[in-house]
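These are the residues of each chain, in order.
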Amino acid sequence: MKKKILSAILATAMMATIITGCGGSNEQPAAAPVAQEPAAEAEAPAAEEPAAEAPAAEASGSLADKKVGVCIYQFSDNFMTLFRTELENYLIAQGFSKENINIVDGANDQATQSGQIDNFIAEGVDVLIINPVNSSSAETITDKVVGAGIPLVYINREPVADEEQRWADNNWDVTYVGCDARQSGTFQGEMIVDLGLDKVDMNGNGKVDYIMVEGDPENVDAQYRTEFSVKALTDAGWEVECLSDQVGNWQQDQAQAIVANALAQYGNDVEVVFCNNDAMALGALQAIQAADRKVGEDIYLVGVDALSEALENVLAGTMTGTVFNDHFSQSHSAADAAINYLTGKGNEHYIGCDYVKVTQDKAQEVLDMVK
Ligand code: GAL
């Protein structure tokens, strides 16, 4: 019962967001050139290169001596693991010494992370790269770090617009690197629209009946993906019915339980499962298979991130699609931004990147790139 009421409240809240939300979804971002950019970047020699040989070190002459503090909101997050591994490799390839790069786990606890930031400040790091546990703590973090005279690069969890405006107004060495989550949501919805309503509306009620599994609701990625995936359907003139909308916190096990319950409750009426990320889509797939449903035949499933396992499922047809969350481009841009601060070049206060839509025909290409 409770769940139904919660679903109804969430569905209403979501509709309210759709109606009142910023109408930015029509800035149709062109699909990013998968083959060129990330592939080219992926070719860059990463890791284990001796610092002195790296080109950026030559340019600046001193990156090997610079200390970088990196705060990750939670090491157990699959996508952030790809991100931090690539970030470390790329920093080393640019000339930083491995022993001067300290990457710490916030364990999904803001108090823990704030303590880690204090320690980095006390140690006198030269630059900080921070993936905040709570984006709402950004103001406090910024004040602390700027107060200590340390340049700051936020990644992955975007602070609110007012906070970003403060950086510009005060001309602080603070920037955010990330992709626009509205684009990833739009791509998820478009992959469903491309199937055609006849194929998706299997119960023939004239609507698309869907389940939404959300990431951490404090994160703008979760909010936008939830909103814009559905908006792509309504923008195509489709009617939609939200059967269940629940928070799975980016976690596979939580999503599995949510989707298992929703399938038990709504049965064959569930036509589409939207998951805000791939870890949750993999959990959803376990529940779908346990319920004897078949993706591509009697249900559709989309995620975001392009984890290898998800790409393999897209190739096999056991996921309808995913969206490549380009950890190469984001980690490289974050490192480049840090270098720009260290070398006095400075940065814009927002550094973006593009997502890439991945359906079966593109999955192998992206898999080759991420593996
Ligand atoms: C998102 C990503 C999720 C999760 C989250 C953490 O961009 O899609 O899988 O890693 O970031 O903030």
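In what follows, the accompanying structure is described. (Residues numbered from 1 in each chain as written. Predicted model: local features only at pLDDT ≥ 70, side-chain atom pairs only at ≥ 80, totals over all residues. Heavy atoms only, no water.)

Details of the pairing of strand β3 (residues 127–130)
Put simply, the test is: Relative accessibility decides the category of a residue: with a 1.4 Å probe and only protein chains considered, values under 20% of the type maximum give buried, values over 50% give exposed, and everything between is partly exposed. In DSSP terms, a helix is any run of H or I states spanning at least four residues, a strand is any run of E spanning at least two, and both are numbered starting from the N terminus. Should DSSP find at least two bridges between two strands, the strands are regarded as paired.
Of the two faces of β3, the one lined by Val127 and Ile129 and the one lined by Leu128 and Ile130 are each fully buried. Relative to β3, strand β1 (residues 68–72) runs parallel, the two being bridged by four bridges. In the sheet register, Cys71 faces β3, and the bridge partner there is Ile130. Where β3 meets strand β4 (residues 152–155), three bridges bridge the pair, whose relative direction is parallel. What sits directly across from Ile129, in β4, is Val153.

With respect to helix α15 (residues 360–370)
Threshold: Our arc is simply the arc of the directions from the helix axis toward the C-beta atoms.
By the burial criterion, the buried members of α15 are Ala363, Val366, Leu367, Met369 and Val370. Relative to the axis of α15, the buried residues are bounded by an arc of 155° and lie together on one face. Pointing more than 90 degrees away from the buried face of α15 are the exposed residues Asp361 and Asp368.

Comments concerning the packing of aromatic side chains
Condition: Working definition: rings of Phe, Tyr and Trp (its six-membered ring) pair if their centres are within 6.5 Å, and the pair is stacked with planes under 30 degrees apart, edge-to-face with planes over 60 apart, and tilted otherwise. Charge-over-ring placement is defined geometrically: NZ (Lys) or CZ (Arg) within 6 Å of the ring centre, and within 35 degrees of the ring normal.
For the structure on display, the rule yields five aromatic pairs. Ring geometry for Phe79 and Phe83: centres 6.2 Å apart, planes at 85°, overall edge-to-face. Taken together, the residues Phe79 and Phe83, both in helix α4 (residues 78–94) and four residues apart, mark about one turn of the helix. Residues Phe79 and Phe83 agree in their burial class; the two are buried. Arranged with centres 5.7 Å apart and planes meeting at 75°, the rings of Tyr210 and Phe274 form a pair that is edge-to-face. One end of the pair, Tyr210, is in strand β6 (residues 207–214); the other, Phe274, is in strand β8 (residues 272–275), with 64 residues separating them in the sequence. The class for Phe274 is buried, based on a relative accessible area of 0%. A cation over a ring is seen here: Arg84 above Phe75, with NZ or CZ 3.8 Å from the ring centre. Positioned over the ring face of Tyr73 is Arg157, at 3.7 Å from the centre of the ring.

Examining the pattern of salt bridges
Here the idea is simple: oppositely charged side chains can pair when their charged atoms come close. Where we set the bar: The rule for a salt bridge is simple: a side-chain nitrogen of Lys or Arg has to be within 4 Å of a carboxyl oxygen of Asp or Glu.
Scanning all chains against the criterion turns up twelve salt bridges. A salt bridge links Glu88 to Lys98; the nearest nitrogen and oxygen atoms lie 3.2 Å apart. In this pair, Glu88 sits in helix α4 while Lys98 sits in the loop between α4 and β2 (101–105), placing the two residues ten residues apart along the sequence. In this structure, Glu163 and Arg166 form a salt bridge, with 2.8 Å as the shortest nitrogen-oxygen distance. Here Glu163 and its partner Arg166 are both found in helix α7 (residues 161–170), three residues apart, which amounts to about one turn of the helix.

Describing the site of the ligand
In plain terms, the rule: Distances are taken per atom, and a residue is near a molecule or strand as soon as one of its heavy atoms is within 4 Å of it. For the purposes of these results, a polar contact is taken to be a pair of N or O atoms within 3.5 Å, where, inside protein, one atom must be able to donate a hydrogen and its partner to accept one; residues adjacent in sequence count only when each atom of the pair is a side-chain atom. The method behind every accessible area is Shrake-Rupley, applied with a 1.4 Å probe, and residues are considered shielded solely by the protein chains displayed. When residues are sorted by character, Ala, Val, Leu, Ile, Met, Phe, Trp, Tyr, Cys and Pro go into the nonpolar class, Asp, Glu, Lys and Arg into the charged class, and all the rest, Gly among them, into the polar class.
The environment of the ligand is formed by Tyr73, Asp77, Phe79, Asn156, Arg157, Asn219, Asp221, Arg225, Trp250, Asn277, Asp305 and Asn325. Here an oxygen atom of the ligand sits 2.8 Å away from a polar atom, N or O, in the side chain of Arg157. In this structure, an oxygen atom belonging to the ligand sits 2.7 Å away from a side-chain N or O atom of Arg225. Coverage of the ligand by the protein chains reaches 99% of its 310 Å² of free accessible surface. In the shell around the ligand, the residues fall into three nonpolar, four polar and five charged.

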